[in-house]
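Each chain, letter by letter, is given below.
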Amino acid sequence: MRFQERVVMVTGGARGIGLAIAQRFAREGAAVAVCDKDGEGARRAAEELAGVQSASRAYALDVRSTDGVQAAVDAITRDYGRIDVLVNNAGITIPGPVVDFAEVDWDLMVDVNLKGVFRCAQRVARVMVAQGSGRIINISSESGKTGKPLFALYAATKFGVIGFTQGLAMELAPHGITVNAVCPGIVRTEMWTQLDKDLARLQGSREGEALELRRKSIPLGRLQEPADVAGVVAFLASEDAGYMTGQSVNVTGGREVH
Ligand SMILES: NC(=O)c1ccc[n+]([C@@H]2O[C@H](COP(=O)([O-])OP(=O)(O)OC[C@H]3O[C@@H](n4cnc5c(N)ncnc54)[C@H](O)[C@@H]3O)[C@@H](O)[C@H]2O)c1
């Protein structure tokens, strides 16, 4: 039980990678604050976790709202007295060619993927600085390391998360807080179910083709499961990773090596 008595805040924790992260921390003894804009989904997730870790709770949180982030951080610190780990996982992908891309979609991706990470990190960092300890883990992407066609704007947000991670790591190091990023590859979640449909429409391919093409490009030969990401996030939050900060760790089955 590596995380007994620890309090972990996970954004976008209602499903997919965020849910797997919440489950992993709960199994290892942490009280998990499951935050999601889908408040009902967060409640269901926290209820499920309660069977493993009774102290887990749900918080309705849209990371696009600065006031909402502050209110959630206040509620979590009121309920638990501290936040030991923040996992900035909430994120969205809107694929499309740059020449046709709608500015409103770009604004939305920046608001969630980049400003959402900033808002949560800023408010939680204030709590962690007062504690003199903490771990912040930002979910970037392989698209945060290499830009690819139809994902240029998503990549811009995920590259941004890596730069933010590095700068924040340097600022918070004197306070005993580490900040790292995790870069997943092709993970089987609802995000990819939707992406596969979007790519079929954009590329005139049949449904399933985009995902199959990518599966073939994975050196380890299988699509990634959310639990593959959760294991690395748990490692970064553990004592074993205490000397790591400012890093962006690929978890891509070998698709990304830089
Ligand atoms: N699935 C992949 O292949 C993949 C690969 C690399 C990186 N990622 C990143 O991992 C993270 C999780 O992805 P996923 O595949 O689990 O996605 P998903 O779409 O399956 O789940 C995302 C969760 O985030 C929540 N969310 C969305 N916008 C939000 C907001 N504004 N405020 C709060 N919650 C919000 C959703 O309600 C949902 O519960 C994202 O940051 C994504 O960019 C995913």
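It should be noted that the structure appears before, not after, this text.
It should be emphasised that the depicted structure is a prediction, and the values quoted were computed from it without experimental measurement. (Residues numbered from 1 in each chain as written. Predicted model: local features only at pLDDT ≥ 70, side-chain atom pairs only at ≥ 80, totals over all residues. Heavy atoms only, no water.)

Give a description of the overall build of the chain that names residues and reports values.
When you go through the chain residue by residue, the secondary structure sums to eight helices and seven strands. The C-alpha radius of gyration computed for the chain amounts to 17 Å, which stays within 12% of the reference 18 Å derived for 258 residues, consistent with globular compactness. Seen through its C-alpha atoms, the chain measures out along the principal axes to roughly 50 × 35 × 35 Å. Counted over contacts in the chain with a minimum sequence separation of 6, partners at least 24 positions apart contribute 72%. Summed over its atoms, the accessible surface of the chain is roughly 11,600 Å², and 52% of this surface lies on carbon and sulfur atoms. In the chain, 29 side chains carry a positive charge and 30 a negative one; their mean positions are 2 Å apart. (Helix = DSSP H or I, 4+ residues; strand = E, 2+ residues; numbered from the N terminus. Rg over C-alpha atoms; globule rule 2.2 N^0.38 Å. Contact = heavy atoms within 4.5 Å. Areas by Shrake-Rupley, 256 points an atom, 1.4 Å probe, with all protein chains shown as cover. Lys, Arg positive; Asp, Glu negative; His and termini not counted. Charge placed at Lys NZ, Arg CZ, Asp CG, Glu CD.)

Please provide a residue-by-residue account of the site of the ligand, values included.
Near the ligand you find 29 residues, and of these Arg-15, Asp-36, Asn-89, Tyr-154 and Thr-189 are the closest. At 3.3 Å, a backbone N or O of Gly-185 approaches an oxygen atom of the ligand. Within the contact set of the ligand, an oxygen atom lies 2.8 Å away from a backbone nitrogen or oxygen of Val-187. When isolated, the ligand has an accessible area of 840 Å², and the protein chains bury 96% of it. For the shell around the ligand, the secondary structure elements donating two or more residues are helix H1 (16–27), helix H5 (152–172) and helix H6 (190–203). The element best represented in the shell around the ligand is H6, accounting for three residues. For the shell around the ligand, the per-class residue count stands at 14 nonpolar, eight polar and seven charged. Each of domain 1 (7–185 + 227–241) and domain 2 (186–223) contributes no fewer than three residues to the shell around the ligand. (Near = heavy atom within 4 Å. Polar contact = N/O pair within 3.5 Å; in protein donor to acceptor, adjacent residues only side chain to side chain. Nonpolar A, V, L, I, M, F, W, Y, C, P; charged D, E, K, R; others polar. Domains from an automatic or database assignment.)

Could you give an account of the pattern of salt bridges, with specific residues and numbers?
By the definition in use, this model includes 18 salt bridges. For Arg-44, the salt bridge is made with Glu-40, and the minimal N-O distance between the two is 3.8 Å. Placement of both Arg-44 and Glu-40 in helix H2 (residues 39–50) is noted, with a separation of four residues, approximately one turn of the helix. Exposure remark for Arg-44: the relative accessible area of 48% places this residue in the partly exposed category. Relative accessible area serves as the criterion here: at 40%, Glu-40 is assigned to the partly exposed category. For the salt bridge of Asp-62 with Arg-64, the shortest nitrogen-to-oxygen distance reads 2.6 Å. Connected through salt bridges with shared partners, the residues Glu-40, Arg-43, Arg-44 and Glu-47 form a single ionic network. (Salt bridge = Lys/Arg side-chain N within 4 Å of Asp/Glu carboxyl O. Buried < 20%, exposed > 50% of the residue type's maximum accessible area, 1.4 Å probe, protein only.)

Outline the nonpolar core, listing residues and values.
Core analysis: the largest hydrophobic core is formed by 31 residues, its most contacted members being Ile-21, Phe-25, Val-32, Val-34, Val-87, Val-182 and Val-233. Contributing elements (two or more residues each) for this core: strand S1 (7–11), H1, strand S2 (31–36), H2, strand S4 (85–88), strand S5 (134–139) and helix H8 (226–237). The element best represented in this core is H1, accounting for seven residues. When sequence neighbours within four positions are dropped, the list of residues in contact with Val-233 reads Ile-21, Phe-25, Val-87, Ile-137, Ile-139 and Val-182. Val-73, Ala-75, Ile-83 and Val-112 belong to the second largest nonpolar core, which has 30 residues in total. (Core = buried A, V, L, I, M, F, W, Y, C linked by side-chain atoms within 4.5 Å.)

Mind laying out the sheet that holds S4, listing which residues take part and the relevant values?
What the seven strands build is an open sheet, ordered S3-S2-S1-S4-S5-S6-S7; its pairing is parallel. Both outer strands of the open sheet, strand S3 (57–60) and strand S7 (248–251), are each paired with one neighbouring strand and no more. Put simply, the sheet's adjacent strands are angled 20° from each other on average, direction ignored. Docked against the sheet, helix H3 (residues 66–80) engages S1, S2 and S3, running at close to 160° with respect to S3. Packed onto the sheet, H5 meets S5, strand S6 (177–184) and S7 and runs at close to 165° relative to S6. (Pairing = 2+ DSSP bridges. Axes fitted to C-alpha atoms, helices over the stretch in contact; angles between N-to-C directions.)

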